[in-house]
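# Overview (structure and organization)
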Number of protein chains: 2
Amino acid sequence: MNQIEDMQTFVRIVEAGSITRAAEQLNTVKSAVSRRLSQLEKRLGVSLLTRTTRHHTLTEHGQSYYQQSLRIIEEVAVIEASLLQENCALSGRIRISAPLVFGIEHLSQAFLAFNELHPDIIFDVDFDDKKIDLVEGGYDLAIRIAKLEDSNLIARKITSTRMVLCASQKYLKEYGTPVVPQDLTTKHKKLLYNKAHETWHFIDDKAKSVSIKLPTALTSNNGNFLLESAIKGGGLLNVPDFICYKAIKQGKLQLVLNNYLVHTTIPIYALYPQNRHLSHRIRRLVDFLVEYYGDKPYWLI
Amino acid sequence: MNQIEDMQTFVRIVEAGSITRAAEQLNTVKSAVSRRLSQLEKRLGVSLLTRTTRHHTLTEHGQSYYQQSLRIIEEVAVIEASLLQENCALSGRIRISAPLVFGIEHLSQAFLAFNELHPDIIFDVDFDDKKIDLVEGGYDLAIRIAKLEDSNLIARKITSTRMVLCASQKYLKEYGTPVVPQDLTTKHKKLLYNKAHETWHFIDDKAKSVSIKLPTALTSNNGNFLLESAIKGGGLLNVPDFICYKAIKQGKLQLVLNNYLVHTTIPIYALYPQNRHLSHRIRRLVDFLVEYYGDKPYWLI
DNA sequence: TTTATTGTTCTATTATTTAGAACTTTAAAT
DNA sequence: ATTTAAAGTTCTAAATAATAGAACAATAAA
């Protein structure tokens, strides 16, 4: 009889919305989760959730047990954390939701570096640009590149990225290299990453603000794909610097109107569910990320 | 990792005062308890109690973990109990401390009857007349035949017993049958159960109080032994009625000065540790005992 | 110094838990 | 109405964890 584990399993089933998803998040199979739930119900002698193949509904007992379980799990975590030595080796699974390109290109390095310091940490990273519900997905942590929205999550800024404008020499030869913002006529075309950045803002020589919206040659939600298109001369690219910094350093792309462009800065946040108590290993990981990237991350141009 | 069980084990070690006794109370072997404790300490990364072969001392961490564990165990018990159906089958171990003669003669019947209603209940009864520390001994319940002392235990009266005076015909033939209290000269002798009842109190025909202290022929802390002695004519016996009622019914003993004697009534209590929450099966057992014996128990003469 | 008791460690045994497959059920799609 | 797909349950062999019992070490009391 493992009461805490039963509570954790039950909470995960409720929040994930299904036994199958709970099993995935708990790193096990649905038969194990199904069995745990039915044994728990048998032990308590009450049904906690009425289940059909597609839908779950909490019973009154289930609702009560869910709330109480949340509290107990939290309290036990706080008690154990208060004893754990600050400098002890970290261990356990960390489930993370991370954006695709940034995650694969930049976070994975950082995670590997953290993992070398703490070999008993197991990373379980889902790379996905969709906005995931941290609680429903059972994530400990999410990394988001965006201005902060209102939410019931706690956010900590780990670093930031700037939008830059660039193009390949091939493109610039063909369409002409703009020297002042006004050179960007509709002959030019852009590679669009995100509708939020469709219009570009500049400050011209007379300190006047200039906004320009070029025709779109290509749209994609994948930064790397746009980057490749830009290198092949597909258009002007306005993307976060962490995407194109390497191509620029290697001379595959060059900055365009850099002194005129109003560089939008986008913060990069670590988000975690609003528990009173933040697990030690998560806090240490976020500290590590803040340290790893810093104010002036290596992709800064 | 079973955090609640770890807490329960730790609490039992602390309260029992040793790993060996904790193991006995937990119905397992000391190697299992020792292993659980060392794994818990390993997991938490701190030492909870410094142990030598003879002595244990809680570390600061251990003190804190002990207090917190008590709270959590209690809270989890309350949560689960609030869900458990009132009419569901009872199960689990009940550890009881009971007095020797009353326990074997009377309680064991009642426990067997309860066990027939709830076959999944496992009784673990220690028959011992010594005053046991319920918390230290890890008992769920104790039965005590005595006026209530101050203590941090909760008491519920389940029934009562009266002191009666009796003797065998053999004795009365030899020493004479007293008709009024004044007939009890020092030629008579008593079989002494308990120093508290060395002096006997009567109300004589003139409504006058008479106290008499006879020479002691035999003293024992075991009621059955005194009973056998009395039947063999060893002396006048002043014991609780639950000890001698059968012998009286069978004519082996007969009441002496019954209309003159001031019958001391001794309450019989169920005692349990002062937890905010009384486990359902314990409450049901005590209810059963109250019902089983009632105001007029079957030993009433 | 001896003895008795406590705690630890080791290993074979026992009990529990899990993974994976087969099967059942039900809601959505055709 | 029929088919399809996804979710839940049940079953069993395999993996994992826990336990009992013995042997051993440590230490306080005799």
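Residues numbered from 1 in each chain as written. Chains lettered and ligands numbered in written order. Predicted model: local features only at pLDDT ≥ 70, side-chain atom pairs only at ≥ 80, totals over all residues. Heavy atoms only, no water.

## Section: the packing of aromatic side chains
One pair of aromatic rings is described through two measures. These are the centre distance and the angle between the planes. Residues and elements named next belong to chain A. By the definition in use, this model includes 30 aromatic pairs over all chains. Considering the side-chain rings of Phe-102 and Trp-299, the 5.5 Å spacing of their centres and the 80° angle between planes classify their relative orientation as edge-to-face. One end of the pair, Phe-102, is in helix 5 (residues 100-117); the other, Trp-299, is in the segment after helix 10 (280-293), and 197 residues separate them in sequence. Pair check on accessibility: Phe-102 and Trp-299 agree, each one buried. For the ring pair Phe-242 and Trp-299, a centre distance of 6.0 Å and an interplane angle of 65° mean the geometry is edge-to-face. Residue Phe-242 is found in helix 9 (residues 241-249), and its partner Trp-299 is found in the segment after helix 10; the two are separated by 57 residues along the sequence. (Phe/Tyr/Trp six-rings, centres within 6.5 Å; stacked < 30°, edge-to-face > 60°. Helix = DSSP H or I, 4+ residues; strand = E, 2+ residues; numbered from the N terminus. Buried < 20%, exposed > 50% of the residue type's maximum accessible area, 1.4 Å probe, protein only.)

## Focus on the pairing of strand 8 (residues 200-203) of chain B
Sheet faces and side chains relate simply in a regular strand, where the side chains alternate between the two faces. Residues and elements named next belong to chain B. Burial along strand 8 is one-sided: the face carrying Trp-200 and Phe-202 is buried and the face carrying His-201 and Ile-203 is not. With four bridges joining them, strand 8 and strand 9 (residues 209-212) adopt antiparallel strand pairing. Within strand 9, the position partnered with Ile-203 by the bridge is Ser-209. Linking strand 8 back to strand 9 in an antiparallel pair, the connection comprises five residues, with Ala-207 at a positive phi of about 60°. (Pairing = 2+ DSSP bridges.)

## Notes on the relation of the copies chain B and chain A
Superposing chain B onto chain A takes a rotation of 180° combined with a translation of 0.0 Å along the rotation axis, leaving an RMSD of 0.1 Å. As the rotation angle and translation indicate, the two copies are arranged about a two-fold axis. Taking C-alpha positions as reference, the residue of chain B nearest the rotation axis is Asn-2 of chain B, located at 2.8 Å. (Least-squares fit on C-alpha atoms with pLDDT ≥ 70 in both.)

## Considering the protein's contact with DNA strand D
Lining the immediate surroundings of DNA strand D are 19 residues, of which Lys-30, Arg-51, Thr-53 and His-56 of chain A together with Thr-28 of chain B lie closest. When atoms of DNA strand D within 4 Å of the protein are sorted by moiety, sugar and phosphate together comprise 56%. Contact distances for DNA strand D include 2.5 Å between a phosphate oxygen and a side-chain N or O atom of Arg-51 of chain A. Residue composition of the surface near DNA strand D, grouped by class: two nonpolar, eleven polar and six charged. (Near = heavy atom within 4 Å. Polar contact = N/O pair within 3.5 Å; in protein donor to acceptor, adjacent residues only side chain to side chain. Nonpolar A, V, L, I, M, F, W, Y, C, P; charged D, E, K, R; others polar.)

## As for the interface of chain B and chain A
By convention, interface size is frequently given as the accessible area that disappears when the constituent parts associate. Counting residues at the interface gives 23 residues for chain B, matched by 23 residues for chain A. Approximately 2,200 Å² of surface area, both sides summed, lies buried where chain B meets chain A, with 59% of it carried by carbon and sulfur atoms. Contact with chain A buries surface across chain B, with Ile-79, Glu-80 and Leu-83 of chain B losing the most and accounting together for 29% of the total. At the boundary of chain B and chain A, one finds four salt bridges. The residue Arg-71 of chain A makes a salt bridge to Glu-75 of chain B at a minimum N-O spacing of 2.7 Å. Summed over the shared surface of chain B and chain A, the number is six residue pairs in polar contact (both at pLDDT 80 or more). Counting residues per element, the ones that place at least two in the side of chain B that touches chain A are helix 1 (3-16), helix 3 (30-44) and helix 4 (60-83) of chain B. With eleven residues, the top contributor of residues to the side of chain B that touches chain A is helix 4 of chain B. When grouped by side-chain class, the residues that make up the side of chain B that touches chain A number twelve nonpolar, seven polar and four charged. (Contact = heavy atoms within 4.5 Å. Buried area = accessible area lost by both parts, 1.4 Å probe. Salt bridge = Lys/Arg side-chain N within 4 Å of Asp/Glu carboxyl O.)

## Some details on the protein's contact with DNA strand C
Taken together, the neighbourhood of DNA strand C is formed by 18 residues, with Thr-28 and Thr-53 of chain A together with Lys-30, Arg-51 and Thr-53 of chain B sitting nearest. Taking the atoms of DNA strand C that fall within 4 Å of the protein, sugar and phosphate contribute 56% of them. At a separation of 2.9 Å, a base oxygen of DNA strand C approaches a polar side-chain atom of Ser-31 of chain A. Between DNA strand C and Arg-36 of chain A, the relevant distance is 3.1 Å, taken from a phosphate oxygen to a side-chain nitrogen or oxygen of the residue.

## Overview of empty space enclosed by the protein
Residue and element names in this part refer to chain A. Per the stated rule, a full pass over the model turns up one cavity of 30 Å³ or more. Taken as a whole, the largest cavity holds about 30 Å³ of empty space. Along the walls of the largest cavity sit Lys-190, Leu-191, Leu-192, Tyr-193, Asn-194, His-197, Trp-200 and Asn-238, which together make up its complete lining. (1 Å grid on protein atoms, 1.4 Å probe; cavity = no way out; pocket = protein on both sides within 12 Å on 5 of 7 lines; lining within 4 Å. Points joined across faces, edges and corners; volume = space filled by probe spheres on them.)

## Considering the domain arrangement of chain A
Per the domain assignment, the segments of chain A are domain 1 (3-83), domain 2 (91-158 + 266-293) and domain 3 (162-264). In this structure, domain 1 of chain A and domain 3 of chain A have C-alpha centres spaced 50 Å apart. (Domains from an automatic or database assignment.)

## As for the nonpolar core
The nonpolar side chains of a soluble globular protein tend to be buried with one another. The biggest cluster of nonpolar side chains holds 44 residues, and the ones touching the most others in it are Phe-10, Leu-48 and Tyr-65 of chain A together with Phe-10, Leu-48 and Tyr-65 of chain B. Mapped by element, the contributors of at least two residues to this core are helix 1 (3-16), helix 2 (19-25), helix 3 (30-44) and helix 4 (60-83) of chain A together with helix 1, helix 2 (19-25), helix 3 and helix 4 of chain B. Setting aside anything within four residues of it in sequence, one finds Tyr-65 of chain B in contact with Ile-79, Glu-80 and Leu-83 of chain A together with Gln-3, Asp-6, Met-7, Phe-10, Leu-40, Leu-44 and Leu-48 of chain B. (Core = buried A, V, L, I, M, F, W, Y, C linked by side-chain atoms within 4.5 Å.)

## A short note on the side chain of Glu-198 of chain A
In this fold, Glu-198 of chain A is placed in the loop between strand 7 (190-192) and strand 8 (200-203). The contact partners of Glu-198 of chain A, leaving out residues within four places of it in the chain, are Lys-190, Leu-192, Ile-212, Lys-213 and Thr-216 of chain A.

## Some remarks on the environment of Val-14 of chain B
Residue and element names in this part refer to chain B. If you trace the backbone, Val-14 turns up in helix 1. Along the sequence, Val-14 and Glu-136 sit 122 residues apart, while their C-alpha atoms lie 8.5 Å from each other. The residues touching Val-14, leaving out its near neighbours within four places in the chain, are Leu-49, Leu-58 and Tyr-66.

## A few points about the pairing of strand 11 (residues 236-240) of chain B
Residue and element names in this part refer to chain B. In terms of burial, strand 11 is largely enclosed, as five of its five residues are buried. Relative to strand 11, strand 6 (residues 153-167) runs antiparallel, the two being bridged by four bridges. Looking at the pairing, Cys-166 lines up with Leu-237 of strand 11. Note that strand 7 (residues 190-192) and strand 11 share two bridges and pair parallel.

## Quick look at the packing of helix 8 (residues 223-231) of chain B against helix 9 (residues 241-249) of chain B
All names here are of chain B. Where helix 8 contacts helix 9, the axes come no closer than 10 Å and their chain directions differ by 30°. It follows that helix 8 is roughly parallel to helix 9 by the angle criterion. Read as a crossing pair, helix 8 and helix 9 show a hand that is right-handed. Contact with helix 8, carried on its side by Gly-223, Leu-227 and Ile-231, involves Ile-243, Cys-244 and Ala-247 of helix 9 and no other residues of that element. Of the residues in the contact of helix 8 with helix 9, the class split is five nonpolar, one polar and no charged. (Axes fitted to C-alpha atoms, helices over the stretch in contact; angles between N-to-C directions. Parallel < 35°, antiparallel > 145°, perpendicular 65-115°, else oblique. Left-handed = near helix turned anticlockwise from the far one by under 90°.)

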